[in-house]
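What the coordinates show
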Amino acid sequence: MKIEVVWLVIKFIALIFASFELFSIITNKNKKMSIAGTIVLAFSGCVMWNLDKIDSLILGEIITVLIYKIVTESKIKKIIPMMLGVILSSIVYMYTFRPFAISFGYVFFALILWIITKNRNEFKNNKLKIILLSLTCVISVISAICAEMFFKSIYMDNIQNNLSIGFSGVFTYLYTPLLGFNDVKDPGLWAGIISAFPIPMCLALYYMYKKEEHSEFLLPITIVTVLETVYCISGFPDVISKFTMLSGASAMRVVPAVQLANLFIIFYFLENVKETLFSVKHVMRITVVAICVLVIIRYPIQFAGKGFL
């Protein structure tokens, strides 16, 4: 028992450091914003209730941060150890809790795509870095595929994979703080990440429609968010589910990934987008609409009483 507790503590500390580094990238190394993002994520209900299953979140953050350092680093001697770190982390990633590995994987893929696109000038006069990064990606993908084919994931989901939860299911973060005070079966399934969904996603779509700036970040992360939101609400046909590998994750396990992507969008906007997007009147209208949505959505029976509402 003591060994298990020590291991959970080590994982939690690793999550804090990895989250801080990742939020530093998203917020242009703003320490205060990075600490705030780390606190929101590391102490979220999703992490607290699923600490034994959250390995893919930690490894995904580590892989993303290492790829960022590979892209921005100029010394080959430092790049090679980071390459090995990415490859090793990618292999281990495939042995984490499969539903989270799939759903979080899309979010980290979007971030990695943004990092490479944003820093594409780093590759212009450095062909060796292109070769090393390409080699790292290829070896990581091949290793992951081999691990998937021969060993499969150790942790599987025990609920129906094609379960769709409707629009209300994506708002688990609203009642996550109350899970410890109610007799809820499998609370880890209902635990979310505070993200103000769907406002960040809608804001990103609106911003891309109105302006062309920041599309390198907003386009991939928004595509992933919309894709996984649709899966959570209505599910996909079998062919698409198998092609996207989301057939291996139930909708309730994809919800935290949607919320995580919205959280990243929030902190990106807070630090990188300085112009005013809406007038006070528009903000008031949006707030009223958001409140109406929160009132009409369905809650689990434990939180459906007037007091909780």
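The preceding data block contains the structure.
Residues numbered from 1 in each chain as written. Predicted model: local features only at pLDDT ≥ 70, side-chain atom pairs only at ≥ 80, totals over all residues. Heavy atoms only, no water.

1. Some thoughts on a nonpolar patch on the surface
What counts, and what does not: Residues enter a patch when their relative accessible area is above 30% and they make no salt bridge; the linking distance is 9 Å between like charges and 5 Å between nonpolar side chains (Val, Leu, Ile, Met, Phe, Trp, Tyr). Accessible areas in this description were obtained via Shrake-Rupley with a 1.4 Å probe; residue shielding takes into account the shown protein chains only. Whenever Lys or Arg places a side-chain nitrogen within 4 Å of a carboxyl oxygen from Asp or Glu, that contact is recorded as a salt bridge. To qualify as a helix, a DSSP run of H or I must reach at least 4 residues; to qualify as a strand, a run of E must reach at least 2; elements of each kind are numbered from the N terminus.
Together, Ile35, Ile39, Phe43, Met48 and Trp49 make up an exposed nonpolar region whose accessible area comes to about 500 Å². Put simply, the parts of the chain that give the nonpolar patch at least two residues each are helix H2 (31-42) and helix H3 (45-49). Considering the arrangement of structural elements, one finds Met48 in helix H3.

2. Focus on the packing of aromatic side chains
What counts here: Centres within 6.5 Å make a pair out of two Phe, Tyr or Trp rings, where for Trp the six-membered ring is used; the pair is then stacked when the planes are under 30 degrees apart, edge-to-face when over 60, and tilted otherwise. Note on exposure labels: buried denotes an accessible area under 20% of the residue type's maximum, exposed denotes more than 50%, and partly exposed covers the range between, all computed with a 1.4 Å probe on protein chains only. Only when the NZ atom of a Lys or the CZ atom of an Arg is both within 6 Å of the ring centre and within 35 degrees of the ring normal do we say a charge sits over the ring.
Inspection of the entire model under this criterion finds 12 aromatic pairs. Between the aromatic rings of Trp114 and Phe217, the centroid separation amounts to 5.0 Å while the plane-to-plane angle is 85°, which identifies the pairing as edge-to-face. On the criterion of sequence distance, the pair formed by Trp114 in helix H6 (residues 98-118) and Phe217 in helix H10 (residues 215-234) is long-range, its members being 103 residues apart. Both residues of the pair, Trp114 and Phe217, count as buried. The structure contains a cluster of three or more aromatic residues connected by ring pairs, namely Phe23, Phe264 and Phe267. If you follow Lys53 out to its NZ or CZ, it ends over the ring of Phe97, 5.8 Å from the centre.

3. Considering the packing of helix H1 (residues 2-26) against helix H4 (residues 55-72)
Counted only if it meets this: Note on geometry: axes are lines fitted to C-alpha atoms, helical ones only across the stretch in contact, with angles between N-to-C directions running from 0 to 180 degrees. Here the angle decides the label: under 35 degrees means roughly parallel, over 145 means roughly antiparallel, 65 to 115 means roughly perpendicular, and every other value means oblique. What makes a crossing left-handed is the near helix being turned counterclockwise from the far one by less than a right angle; a clockwise turn instead makes it right-handed. The criterion used for residue contact is that any of the two residues' heavy atoms lie within 4.5 Å. As a working rule, the residues Ala, Val, Leu, Ile, Met, Phe, Trp, Tyr, Cys and Pro are called nonpolar, Asp, Glu, Lys and Arg charged, and the rest polar, with Gly in that last group.
Put simply, H1 and H4 touch, their axes get as near as 9 Å, and they point 40° apart. In terms of axis orientation, H1 runs oblique to H4. The crossing of H1 and H4 is left-handed. Contacts from Lys11, Ala14, Leu15, Ala18, Ser19, Glu21, Leu22 and Ile25 in H1 reach Asp55, Leu57, Ile58, Glu61, Ile62, Thr64, Val65, Tyr68 and Lys69 in H4. Classifying every residue of the contact of H1 with H4 gives 10 nonpolar, 2 polar and 5 charged.

4. Section: unusual backbone geometry
The omega torsion of the bond from Phe197 to Pro198 falls at 5°, within 30 degrees of zero and hence cis. Counting through the fold element by element, Pro198 comes out in the loop between helix H8 (187-190) and helix H9 (199-210). Of note, Lys29 is a non-glycine position whose phi angle comes to about 65°, a positive value. Secondary-structure assignment places Lys29 in the loop between H1 and H2. Unusually for a residue other than glycine, Ala196 sits at a positive phi of about 60°. Residue placement: Ala196 occurs in the loop between H8 and H9. Residue Ala196 is classed as partly exposed on the basis of its relative accessible area of 33%.

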